[in-house]
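As a plain string of letters, each chain reads:
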Amino acid sequence: NEYKSYLRFNTKTAIMPEGPKMCYVCREDIPNHWVIFQDNFYHQDCFTCLVCKRVIDAKETFYEKDGVPVCHRCQTKNYVEKCGVCQEPIIGNRLIYDKVHFHYTCRNCKKCGQPFKEDEHDSIRILENKDFVHEACK
């Protein structure tokens, strides 16, 4: 599944010319202060995370999964690959070997013992026994 990231900077605070809005969740009129997500209007308190049901704050980064908002915390906890060493979510760049994802700092060179760094990616080698080593340590 593809995830889109959203950052809401503000919500609307005035009635638009075409009149009151109806909340996509509760189907009640929204007199003011609404959230717009995928062309639907929401009361601020009705705009909640698919997973934890917490209200997503107006300035909070959130994601879309199957047309429904997911807060950053739940997206990270539930939908992001976990490190094969520490089991923590991996945000950003990572090492991937045999479909297992790793934080760079969670894998150490088997020869020198130093953790790998992102800028060393092209010089990391994997030996036949599946050990990770710096090219210079090989």
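In this text, all values refer to a predicted model and were calculated from it rather than measured experimentally.

Secondary structure assignment for the protein yields one helix and 11 strands. Mapped from its N terminus to its C terminus, the protein presents α and β elements in the order β-β-β-β-β-β-β-α-β-β-β-β. Per-residue burial for the protein yields a buried fraction of 30% across its 138 residues. In the protein, 28% of the contacts between residues at least 6 apart in sequence involve partners at least 24 apart. About 9,200 Å² of surface is accessible on the protein, with carbon and sulfur atoms providing 48% of the total.

What follows concerns the pattern of salt bridges. The final tally for this structure, using the stated rule, is three salt bridges. Between Glu-60 and Arg-54 there is a salt bridge whose closest N-O contact spans 2.6 Å. Across the pair Asp-66 and Lys-65 runs a salt bridge whose closest N-O atoms are separated by 3.1 Å.

Quick look at the side chain of His-43 now. Locating His-43 in the fold gives a position in strand β5 (residues 40–43). Reaching out from His-43, the side chain makes a polar contact with the backbone oxygen of Asp-29 at a distance of 3.1 Å. With sequence-adjacent residues up to four places away left out, His-43 is seen in contact with Cys-23, Cys-26, Glu-28, Asp-29 and Ile-30.

Summarising the element assignment, Cys-137 is placed in the segment after β11 (132–134). A relative accessible area of 27% places Cys-137 in the partly exposed class. Sequence separation between Cys-137 and Cys-109 is 28 residues; the distance between their C-alpha atoms is 8.2 Å.

As judged from the four bridges shared by strand β6 (residues 61–65) and strand β7 (residues 68–71), these two strands associate in the antiparallel manner. Paired with Tyr-63 across the two strands is Val-70, which belongs to β7. Between β6 and β7, which pair antiparallel one after the other, the connecting turn spans two residues, and Asp-66 there sits at a positive phi close to 55 degrees.

Turning to its location among the elements, Glu-60 is positioned in the loop between β5 and β6. Here Arg-54 takes part through its side chain, which lies 2.6 Å from a polar atom of the side chain of Glu-60. A distance of 2.9 Å separates the side chain of Glu-60 from the backbone nitrogen of Asp-57, its partner in a polar contact.

Let us look at helix α1 (residues 72–79). Considered for burial, the residues of α1 that qualify are Cys-74, Gln-75 and Thr-76. Where α1 is buried, its residues meet β6 and β7.

A separate point is the confidence of the model for the protein. Taken over all residues, the pLDDT of the protein has a mean of 82, while the share at 70 or more is 86%. The low-confidence segment residues 1–17 (pLDDT under 50) makes 50 contacts with residues lying over four places distant or belonging to another chain.

A few words on the packing of aromatic side chains. Using the criterion set out here, one finds 10 aromatic pairs in the structure. Centre to centre, the rings of Tyr-42 and Phe-47 are 5.1 Å apart; their planes meet at 75 degrees, and the pair counts as edge-to-face. Judged by relative accessible area, Tyr-42 falls into the buried class, the value being 5%. Overall, Phe-47 belongs to the buried group, its relative accessible area being 0%. Where Phe-102 meets Phe-132, the ring centres are 5.8 Å apart and the plane angle is 70 degrees; that geometry is what we call edge-to-face. Taken together, the residues span a long stretch of sequence, with Phe-102 in strand β9 (residues 100–102) and Phe-132 in strand β11 at a distance of 30 residues. Per residue, the accessibility class of Phe-102 equals that of Phe-132, and both read buried.

Rules used in this analysis
- Residues numbered from 1 in each chain as written.
- Predicted model: local features only at pLDDT ≥ 70, side-chain atom pairs only at ≥ 80, totals over all residues.
- Heavy atoms only, no water.
- Helix = DSSP H or I, 4+ residues; strand = E, 2+ residues; numbered from the N terminus.
- Buried < 20%, exposed > 50% of the residue type's maximum accessible area, 1.4 Å probe, protein only.
- Contact = heavy atoms within 4.5 Å.
- Areas by Shrake-Rupley, 256 points an atom, 1.4 Å probe, with all protein chains shown as cover.
- Salt bridge = Lys/Arg side-chain N within 4 Å of Asp/Glu carboxyl O.
- Polar contact = N/O pair within 3.5 Å; in protein donor to acceptor, adjacent residues only side chain to side chain.
- Pairing = 2+ DSSP bridges.
- pLDDT = per-residue confidence, 0-100.
- Phe/Tyr/Trp six-rings, centres within 6.5 Å; stacked < 30°, edge-to-face > 60°.

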